[in-house]
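Listed below are the residues making up each chain.
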Amino acid sequence: MKNQILITGATGMVGKKLINALHNNGHKVSVLTRKATSIKNATVYLWDVYKQQIDPNCLQGIDTIIHLAGENIADKKWTKERKQQIIDSRVMSAQLLHKTIKETQSPVKTFISASAIGYYGNRGDEILTEESGTSTGFLARCCKLWEDAVDEGASPDLRIVKFRIGFVLGKSEGGLAALERPIRYFVGAPLGSGKQWTPWVHVDDIVNMFISAVENPSYQGAYNACAPFPVTNEALTKAIAKTINRPVWPIHVPEKVLDMILGKMSILPLISTNTSAQKLLDAGFKFKYTHLEDALNDIYK
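Residues numbered from 1 in each chain as written. Predicted model: local features only at pLDDT ≥ 70, side-chain atom pairs only at ≥ 80, totals over all residues. Heavy atoms only, no water.

**Re the overall build of the protein**
Phase 1 of the analysis: Assigned secondary structure in the protein consists of nine helices and 14 strands.
Phase 2 of the analysis: The globule rule puts the C-alpha radius of gyration for 301 residues at 19 Å, and the 19 Å found for the protein is close to it.
Phase 3 of the analysis: Projected onto its principal axes, the C-alpha positions of the protein cover 60 × 40 × 40 Å.
Phase 4 of the analysis: A buried classification covers 51% of the 301 residues belonging to the protein. (Helix = DSSP H or I, 4+ residues; strand = E, 2+ residues; numbered from the N terminus. Rg over C-alpha atoms; globule rule 2.2 N^0.38 Å. Buried < 20%, exposed > 50% of the residue type's maximum accessible area, 1.4 Å probe, protein only.)

Listed below in structure tokens is the structure:
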């Protein structure tokens with residue numbers, strides 16, 4: 001059975017690939033966006049999360065929502081105002097969608113939302129399953145509020161799935177491009193201790209996870225959206241350098257230096273999150289890329 005799907009945050013790296021993949025699978029796709037634009041293979045509707053405005057026609061006939069919307073956490077320094085904006089963009093958007101579902105009595109049966117591995121906070125070498133619980137710090141608080149807002153609409157008639165996404169590997173966009181840049185210019189080095197765990201995932205696998213959750217009603221609740229074998233920051237740095245044929249400096253970039261450059265945002269590459277992908281594997285999901293080297297070779301081929 002093919003679905004009628006509404007996607008938010010569809011202009012990002014994952015969203016753009018997801019639209020095409022869903023279309024190719026025969027699903028009908030609509031998109032909510034802030035600016036009037038034309039998007040191939042999708043019908044476009046407008047909304048304004050901060051003004052709590054939305055075109056109610058966007059939910060006509062929709063049975064599945066894929067919620068990816070949220071301000072980029074890494075494109076600006078974390079001032080007090082910016083951190084609140086990052087939270088509001090996620091929480092208020094989820095709340096607006098649930099409010100509109102109720103007001104329009106739309107036939108939405110599935111609500112699939114992005115979340116992030118920041119939910120767990122900095123946990124060292126602890127192996128983290130979906131039951132491990134959240135922690136302290138801005139990222140953990142943001143993700144917890146985000147997921148709580150998604151769960152607010154839970155009911156026997158609405159299936160909710162949340163993907164806690166790790167470090168997404170995709171060419172020319174996202175965190176990989178930022179991590180690659182100094183390596184490409186011969187100044188690459190592990191960050192901090194280099195021992196912090198970094199759960200990674202190829203963008204194609206993320207897209208396939210969302211499609212699996214659309215098409216398989218057994219998906220329910222939270223999932224660590226990461227490849228089965230996370231790596232340390234040092235291993236990730238060296239793997240990227242090897243793939244693009246560059247050396248890595250034998251020294252590490254001290255945390256104090258990162259703090260001087262990035263401010264509070266320096267926590268992003270320094271937190272350690274050793275996630276388990278077992279719940280996804282138990283659900284029957286088949287990863288295309290389980291090993292980092294294969295994923296990087298595909299991206300840089």
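After presenting the structure, the write-up continues.
**Some points on the environment of Trp-197**
Phase 1 of the analysis: Secondary-structure assignment places Trp-197 in strand S10 (residues 197-198).
Phase 2 of the analysis: Distance from Trp-197 to Asn-274, taken between C-alpha atoms, is 5.3 Å for residues 77 residues apart in sequence.

**Brief notes about the nonpolar core**
Phase 1 of the analysis: Grouped together as the largest cluster of nonpolar side chains are 73 residues, with contacts concentrated most on Ile-7, Ile-66, Phe-163 and Phe-210.
Phase 2 of the analysis: Residues in contact with Phe-210, not counting those within four places in the same chain, are Val-14, Leu-18, Ile-66, Leu-68, Ile-112, Ser-113, Ala-114, Phe-163 and Ile-165.
Phase 3 of the analysis: Core analysis: the next-biggest nonpolar cluster, separate from the first, contains 21 residues, Trp-200, Ala-227, Ala-239 and Leu-258 among them. (Core = buried A, V, L, I, M, F, W, Y, C linked by side-chain atoms within 4.5 Å. Contact = heavy atoms within 4.5 Å.)

**Structural notes on unusual backbone geometry**
Phase 1 of the analysis: Despite not being glycine, Asn-41 has its phi angle at roughly 70°, a positive value.
Phase 2 of the analysis: You can see Asn-41 is positioned in the loop between strand S2 (28-33) and strand S3 (43-48).
Phase 3 of the analysis: Taking the relative accessible area as the measure of exposure, Asn-41 reaches 25% and is therefore partly exposed.
Phase 4 of the analysis: Phi angles above zero are rare outside glycine, and Phe-186 is one such case at about 70°.
Phase 5 of the analysis: As for its position among the elements, Phe-186 is in the loop between helix H4 (174-184) and S10.
Phase 6 of the analysis: You can call Phe-186 partly exposed: its relative accessible area is 46%.

**Examining the packing of helix H1 (residues 13-24) against helix H5 (residues 203-215)**
Phase 1 of the analysis: Direction vectors running N to C along H1 and H5 enclose 55°, while the axes themselves pass 9 Å from each other. With respect to H5, the element H1 is oriented oblique. Here H1 and H5 pass one another in a crossing that is right-handed. In this structure, H1 contributes Met-13, Val-14, Lys-17, Leu-18, Ala-21 and Leu-22 to the contact, and H5 contributes Val-203, Asp-204, Ile-206, Val-207, Phe-210 and Ile-211.
Phase 2 of the analysis: Each residue belonging to the contact of H1 with H5 can be placed in one class, and the counts come to ten nonpolar, no polar and two charged. (Axes fitted to C-alpha atoms, helices over the stretch in contact; angles between N-to-C directions. Parallel < 35°, antiparallel > 145°, perpendicular 65-115°, else oblique. Left-handed = near helix turned anticlockwise from the far one by under 90°. Nonpolar A, V, L, I, M, F, W, Y, C, P; charged D, E, K, R; others polar.)

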